[in-house]
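A closer look at the structure
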Amino acid sequence: MIPQHKLKLSVEGMTCASCVGRVEQALNAVPGVTEAHVNLANETAQIRFQAPADAAGLVAALKASGYPARSQTAALDIEGMTCASCVGRVEQALGAVPGVTAARVNLASESAQVDYLEGQVDTAALLRAVAGAGYAATARGSSAVPVADRKEAEAAALKRRLLLAAALALPVFVMEMGGHIYAPVHHWIAATIGSQNSWFIQFVLTTLVLVGPGRQFYLKGFPALLRGAPDMNALVAVGTAAAYGFSVVATFLPTVLPGDTRVVYYESAAVIVVLILLGRYLEARAKGRTGEAIRKLVGLQAKSAMVERNGTAEEVALEQIVLGDVIRVRPGERIAVDGEVIEGKAYVDESMITGEPVPVAKAPGAEVVGGTVNGTGALRVRATRVGDDTMLAQIIRMVEDAQGAKLPIQGVVDRITLWFVPVVMALAALTVLIWLAFGPSPALTHALVAGVAVLIIACPCAMGLATPTSIMVGTGRAAEMGVLFRKGDALQALQGVSVVAVDKTGTLTEGKPALTDLVIADGFDQAEVLRRVAAVESFSEHPIAGAIVAAAKAEGLVLPEVTGFGSVTGYGVMGTVEGARIMVGADRLMLRRKVDLGQLEQAAKDMGRAGKTPLFAAIDGKIAAAIAVSDPIKPTTKPAIDALHRMGLQVAMITGDNRAAAEAIATELGIDHVVAEVLPQGKVEALEELRKDGAKLAFVGDGINDAPALAHADVGIAVGTGTDVAIESADVVLMTGDLRGVVNAFDISARTMRNIRQNLFWAFGYNAALIPVAAGSLYPAFGLQLSPMLAAGAMALSSVFVLSNALRLRFIRPVLRSMTD
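Residues numbered from 1 in each chain as written. Predicted model: local features only at pLDDT ≥ 70, side-chain atom pairs only at ≥ 80, totals over all residues. Heavy atoms only, no water.

Some remarks on the pattern of salt bridges
Evaluation of the coordinates by the stated rule reveals 22 salt bridges. Salt-bridge contacts for R104 lead to D115; the nearest nitrogen and oxygen are separated by 2.7 Å. In this pair, R104 is assigned in strand β5 (residues 100–106) and D115 in strand β6 (residues 111–117), connecting sequence segments eleven residues apart. With its nearest N and O atoms 2.9 Å apart, the salt bridge here joins E578 to R531. (Salt bridge = Lys/Arg side-chain N within 4 Å of Asp/Glu carboxyl O. Helix = DSSP H or I, 4+ residues; strand = E, 2+ residues; numbered from the N terminus.)

Examining helix α1 (residues 17–28)
The first and last C-alpha atoms of α1 sit 17 Å apart over twelve residues, in line with the 16 Å expected at 1.5 Å per residue. Counting buried positions along α1 gives ten out of twelve residues, so the element sits mostly inside the fold. Listed in full, the buried residues belonging to α1 are A17, S18, C19, V20, G21, R22, V23, E24, A26 and L27. (Expected span 1.5 Å × (residues − 1). Buried < 20%, exposed > 50% of the residue type's maximum accessible area, 1.4 Å probe, protein only.)

Comments concerning unusual backbone geometry
For the bond from A51 to P52, the omega torsion is 10 degrees, close enough to zero to count as cis. Along the chain, P52 falls in the loop between β3 (44–49) and α2 (55–65). The residue after S441, namely P442, is reached through a cis peptide bond having omega -5 degrees. Inspection of the secondary structure assignment puts P442 in the loop between α15 (420–438) and α16 (443–457). Non-glycine residue D620 carries a positive phi angle of around 50 degrees. One non-glycine residue with positive phi stands out, namely E677, at about 55 degrees. Mapped onto the elements of the fold, E677 is located in the loop between β26 (673–675) and α26 (683–690).

Comments concerning the pairing of strand β12 (residues 346–349)
Side chains of β12 alternate between two faces, with A346 and V348 buried and Y347 and D349 left unburied. The sheet contact formed by β12 and strand β13 (residues 360–362) spans three bridges and is antiparallel. Residue pairing across strands places Y347 opposite A361, the latter belonging to β13. (Pairing = 2+ DSSP bridges.)

So, the UniProt feature "transmembrane region" (unreviewed entry) in the protein chain
UniProt annotation of "transmembrane region" (unreviewed entry) refers to residues 162–182, 188–211, 232–257, 263–282, 416–438, 444–467, 760–782 and 788–807 when read in the numbering used here. Split by type, residues 263–282 is 85% helix and 0% strand. Its first and last C-alpha atoms lie 33 Å apart. The annotated region residues 788–807 carries 100% helix and 0% strand content, and the separation between its end C-alpha atoms amounts to 29 Å. (UniProt positions renumbered as here; feature names shortened; annotations may be inferred.)

Okay, here's the thing in C-alpha cells:
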C-alpha cells in the first residue's frame, strides 16, 4: 500500500473565491494528490498526497499557478565544520528535514541559511538535524514573521496606500462630480481653470493613483488574465483600465470619439481603487482578529523554565527542554511542559484546559499540564512530554487543523466560484455589446459604465470568505470554551444529528464507583468473602474493582496472594486465593459457569431497581455474595440532558449494566433510549440498532473500549479526561469531563452554521441582485444606471459585512457554565 502524506502550506496572493478554486485545481492536477483543501481566510492549503507527488512538486505547482507557497528563512550558526565535506553533510542533513526547500551553508562564516515552507518547520527541528549530522548549531535569528505580525504589517501597508490614494482621488472626485452634487462647483471650475485643464489635472492625479497605490491590481491581475485564470485583481484591473483608457482617449484624442461620448471617468478609476483598498484594509484588520484564539493559546506557552542541570538550576528556553528534565516551578509561574510532580504541594489553575475555575491540588505523583499556572506552593516537576507532544501543543494543532478544514457546504461554493470570474467577464462583455446595439445615445458611454460596473461589483471576495472565516472564529471560540473540533467537518455534521448516545461510566457518572451493598449467602463470613474478592479484584483495572478494593482496605483487611488470575471481558474476573477458586462478575458469568444464584438473585434485582450495579461472588463454584456498586451521577448530567432535549435531540444510554439498573438511571435523568447489558464489542451493534430508522448519531465516550463506537458514529465526541485512544478516534474532543461540553458543541455548531448560511446568503444574494442592476436592468423602467464607484463601494461592503458577521461568533457564551460560576 502506497503511504499517504499530509502537508499544510501557506499560500500567497489569494484575494477571492476564484483564487481558491484555481489553487485547488493546480494542486489536484499534480499526479499523486488525493485531496486538496484551500482556505481563503487563513490563506492555507491542506494537501493529502502519495507518490509520485512530493512537497517540491506541490510548491512548483503553486508557483506556476501564480499563488506561491510562503517560505521563511532561518539563520543558524554552525560549530565544528572544518572542510567542504562538512558543508555538504550539513546541507544534506538540513535538506532532508520535511518542509525545507533549500539550505546554503557557508564554511567561512560557519553559518547556514535555510529556506523552508511556512508552518512546516521549526527551529528545533533544524537544530536536531544538524546535531544528527555531528555538528552543533544555534539559532541566530529568522526572517519568519508570525502570522499575527504579518497581518498587522499588511493592514498597516494597506492603510498607507489607502490614505495616499484617497488624498490623490479626492480632488479628482470633487472636480468631476462636484458639479453634479452642487451646480456652482461646475461653473467655478469652468471659470477658473477650465474644463480641459480640469481633465488634465484629473489625468495626472488618477495616473498617480493607478501606478502608485493601485499598481498591485495590474501587477497581479493582468498576468492572471494572460494565464487564462482571471481573479479579483483581473476584474479590477480590466474595469479601471477601461475607464481610465476611455478617459485618456477623450482627453488627448477627442476627435476619435463621437461628440456626444466625449466624457471622462477618471473619478471612477481613482475612487474604485480607493474603495477597494478600503475594503481590503478592513478585511486585513478583520482577518487578523479571526486567528485571535490561536494567538491566545500560543500566548499560554511559557517561554522558558528553571531546569536543574549539573547540580544547579538554570534558565532554559522552552524548545531546549528535553524529556526527563527536572523543572523548578515557583509560585505564580506558568508550568512550561507536561510533567509529573516529584516534590512539593500546590494548587494549580487548570482553567485554560478544563474550563473549571477551581484550582486543582497537586502533590508528588500528580500530573501537570504545560501552560497551566502554579499557585502559592513550589513544585519540582519531571518533564514527561515536551515540544509538539505537550497537551497545549496538541490543542493548538487541533484548532489549526479545524480552522483549516473545508465543510461539505464549501465544496458547492468552490465549484461555483471556480467559473465565476470568467462568467462575469463574459457577462460584462455581453453587457457592453447589448448597450452598443440597443442602448440610447450616447451608447458607448452607457456601455462603458455598465461593463465596468459589472466587472467591479461581481468580485467574489465575499463568497470565498463566507465559510472559512466563520469556521476560524467559531472553532477558535469553541476551543476557548473547551470544545476542540479535531475534524472541522464535524461542525456541519453535528447539525444532522438527532440522537446523542452516551456511554454511562465516566460520562454520565463520576467514573469512581463505591461499594454500597454486600449481601452474604448462608455459610459464609462477610469479612472473609470481602477479603478474598478484593484480592482477586486488585488485579483488575476496572473502576468497579477499584471500589471493592477500596472498601476492603477501608475496613483494614489484609489482601492475600492470588494465583491463576484471569478475566473474561464483559463478564468478570477469577483467581485462586488460599486454595479456593474465586469468581466475581455479572450474573451472566455465573450462568455461564452454572452457579446457582439462589436467594441472592432477588437481592441483586432489588439492587438493580435502585439504580445500582449488582455483581456476584462465587467460591469454589458456590454463590457466596451479592455485591452492589454505585457510580454517582455527575451533578452536571441532568442539566446537560435537559439542555439537549431543549435543542430537539434525543439521548440514548449505552451500558453494560443490567437492564433494571440502567432503566432506574434513565428514569432519573430523563433519558429517551436505553441499551443495556452491552459488551464492549457490542457498542457498534448498539449504534446500528439506534440508527435503524435513518437517524444520525453522535456517540460520547471516554474509554479505550469506546474507540470503535466513536469511530463508527456519525460524529464521535470524546471526553478529554479519557484515553488517548478514544481521543484519536473522535471528531470532537471535550476538555471538560462531563456533558456540558456536548451541549456547548451542539450550540457552537448551530451558531456557526447559521452564521455561514447568513454569509452565503448575503454573498450570493448580493451578486444575484446587483449584477443585473450593474448591467443596467433598471435603466429602461427608471432611467437609473449604477455608477462604477457605487459598485466598488458595494463590493467592498459585502466583504466587510461577511467578515464582521463572522467575528460576532467571538462573543458566544457557553449554554451551560461551570457549576461553580
